[in-house]
Amino acid sequence: MSSPPLLAVENLAVSFGRGAGEVKAVRGASFTIGHGETVALVGESGSGKSATALSIMRLLPYPQAWHPSGAIRFRGEDLMQAPRQRMQALRGNRITMIFQEPLTSLSPLHPIGRQIEEVLAVHNTGSRRHLQARVGELLRLVGFEEAGTRLHALPHEFSGGQQQRLMIAIALANKPDLLIADEPTTALDVTIQAQILSLLKDLQRSLQMALLLITHDLGIVRRIAERVCVMKDGLIVEEGACAEVLRQPSHPYTQALLAAEPKGLPDPPPVGAQELLRADAAKVWLPIRRGVLRRTVGYVKAVDGVSVSVRAGHTLGVVGESGSGKSTLGRALLRLQRSEGAIAFEGQALQGLGWKGLRPLRRRMQIVFQDPFGSLSPRMSVGQIVGEGLTIHRLCASKEELEAAVARALSEVGLDPDAQHRYPHEFSGGQRQRIAIARALVLKPKLIVLDEPTSALDISVQAQIVDLLKTLQRTHGLAYIFISHDLRVVRALAHDLLVLRAGRVVEQGPADAIFSRPRDPYTRALIAAAFDPQLQIV
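Per-chain numbering applies: the sequence of each chain, read as written, is numbered from 1 onward. Local features are withheld for residues below a pLDDT of 70 in this predicted model, meaning they are given only at 70 or higher, and side-chain atom pairs are given and counted only at 80 or more; totals for whole chains, interfaces and linings count all residues. Note that the side-chain values use all heavy atoms of the structure and ignore hydrogens as well as water.

UniProt positions are given in the numbering used here, feature names are shortened, and annotations may be inferred rather than shown by experiment. According to the UniProt record, the Subcellular location (unreviewed entry) comment for the protein is "Cell inner membrane". Under the heading Sequence similarities (unreviewed entry), UniProt records this for the protein: "Belongs to the ABC transporter superfamily."

S.K.: Mind showing me how you'd approach the sheet that holds strand 10 (residues 227-232) here?
M.R.: Two pairing modes exist for strands in a sheet, parallel and antiparallel, and in both the strands are linked by backbone hydrogen bonds. Pairing is mixed in the open sheet, where six strands are placed in the order 7-8-9-3-10-11. A single partner strand is all that each edge strand has here, and the edge strands are strand 7 (95-98) and strand 11 (235-241). Each adjacent strand pair in this sheet contributes to an overall mean axis angle of 15°, direction not counted. Helix 1 (residues 49-57) rests against strand 3 (38-42), strand 7, strand 8 (178-182), strand 9 (210-215) and strand 10 of the sheet, and its axis sits at about 150° to strand 7. For two strands to pair, DSSP has to find at least two bridges joining them. Helix and strand assignments come from DSSP, with helices taken as H or I runs of at least 4 residues and strands as E runs of at least 2, each series counted from the N terminus. Every axis in this analysis is a line fitted to C-alpha atoms, fitted for helices over the stretch in contact. Angles between the N-to-C directions lie between 0 and 180 degrees. Between two residues, a contact is recorded if the distance between any of their heavy atoms is within 4.5 Å.

S.K.: Could you clarify how one ought to interpret the pairing of strand 8 in this entry?
M.R.: Moving residue by residue along a regular strand, the side chains alternate between the two faces of the sheet. Note on classification: 1.4 Å probe, protein chains only; a residue is buried when its accessible area is under 20% of the maximum for its type, exposed when over 50%, partly exposed between these limits. Burial within strand 8 is extensive, with five of its five residues counted as buried. Side chains of strand 8 alternate between two faces, with Leu178, Ile180 and Asp182 and Leu179 and Ala181 buried alike. Strand direction decides the pairing type here: strand 7 and strand 8, joined by four bridges, are parallel. Note on strand 8: the bridge partner recorded for Ile95 is Leu178. Of the strand pairs in this sheet, strand 8 and strand 9 are connected by five bridges, and their pairing is parallel. Looking at strand 9, one finds that Asp182 is bridged to Ile214.

S.K.: Would you mind going over the domain arrangement of the protein with me for this structure?
M.R.: For interface size, the figure often reported is the accessible area lost on association. Each domain's extent is set by a domain assignment, obtained either automatically or from a database. By the assigned domains, the protein splits into domain 1 (36-45 + 85-259) and domain 2 (312-338 + 351-531). Inter-centroid distance (C-alpha atoms) of domain 1 to domain 2 is 26 Å. Across the boundary between the two partners, domain 1 contributes 24 residues, which contact 28 residues of domain 2. Summed over both partners, the interface of domain 1 with domain 2 comes to about 2000 Å²; 51% of that surface belongs to carbon and sulfur atoms. For this document, the term salt bridge refers to a Lys or Arg side-chain nitrogen within 4 Å of an Asp or Glu carboxyl oxygen. Inspection of the region where domain 1 meets domain 2 yields zero salt bridges. Two N or O atoms count as a polar contact when they lie within 3.5 Å, although within protein this holds only if one can serve as hydrogen donor and the other as acceptor, and sequence-adjacent residues are included solely when both atoms are side-chain atoms. The tally of links between domain 1 and domain 2 comes to zero residue pairs in polar contact (both at pLDDT 80 or more). Counting only elements with at least two residues in the side of domain 1 that touches domain 2, the list comes to helix 5 (160-172), helix 6 (190-207) and helix 7 (218-224). Element by element, the count of residues in the side of domain 1 that touches domain 2 is highest for helix 5, at four residues. Values labelled buried area give the accessible surface lost by two parts on being combined, using a 1.4 Å probe and summing over both.

So this is what it looks like as structure tokens:
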């Protein structure tokens, strides 16, 4: 007789709102997870994956979200009927979760050492010294070799990939029985992604921990999962052994997911296009402070003497591992981050300009941030968020004209124009990323810095966004600085490539030449990790 599953989800339904405005996010989902088993829940953004995961943890917002039916049994106990005190004892202890957007889960006011220590202290007894030692052990476990130097750093001082590793450390702190990983490697570059997946697999073996992996990346599913459940419109449309489902999918939707992938090469760039942006020897050094008086004892050289040039109608791809300085460089080029070195946009020097001097230029240079939820105000509707720039720059003469412009921008990124009356928390992570892209596109800028714009999107939507960006570039002569760890997407978009490592340029030049004949060993390692289909997590 087989043992009962660790987790059993039975006929789960999740709805947002009631009456005519009810949105049925999950409609009768059922699956099980055995002790020490890895189950992947895959599907496009909005399919109900995250709503299912949050239901297991009882973290959906009440009363906006409710369950018309279903049961969630953990070791035989129905969590949907468990009192609050019982759920508090389970959360972060026996069941933990890695959330999709790390920066919204980490307190901006407390050092990361204290945040990890707090999770340990809630569920454990012991001396402060013992807890601090465990914090250092966890940080080293997820890839921070010099953990002692980063204990007092705040979350914003880490890159997106490093923030995700911090979340993994917090989730694993108390050696849980079940780890729910909602897009755990979304913000990670390909080499760190492989390390994190290998780490999760090793910990799973040693702790006999079960893993529910929620992802849109079928490559990750193929590497790590034993069973897979495919979701579409709140329903599980296919379930089975991972190898069998991915080799011979029976449902048309699964077949479409496997066939979807960003393809092709960028359109030929315009000949003789003018230079829009130029930076010479850009530097961003972040101080390291220690002691009671917080004296500066050194610097993190996030960007160290980088020079770039971007022309109209061209795309500059910026790649490198997490912490290499990609996002910091993008912010510095737009004067959103204090920096040294000469930066000019359309021939006008940006260094030395205050916010008043920069404001007229902001319309012509926009940015899409890596964390969509962190950059979208929860108190504003989607229409207000997308239309805010139009209002600030006085580009619409009437309310009707504003609403029409917002509707067009939402349609361009594949969202229903009626979505402008809803709020960010009502959308999946991928849908929120599309809202952030629409906010940048609505102003029709000359230059857009795209900081991991497809990282939260499923594969089919990635292909749509790549095609959209190509069309907009072709139509309007847009220039892009495309920052990404996904080299497959970069190859489909970039005309030129900049490879960063530890804030320095290791290789720079035409993208096709670097992809076909990389000179630096670091570049070769990145390309091999991205395009080697044989890479497996064992």
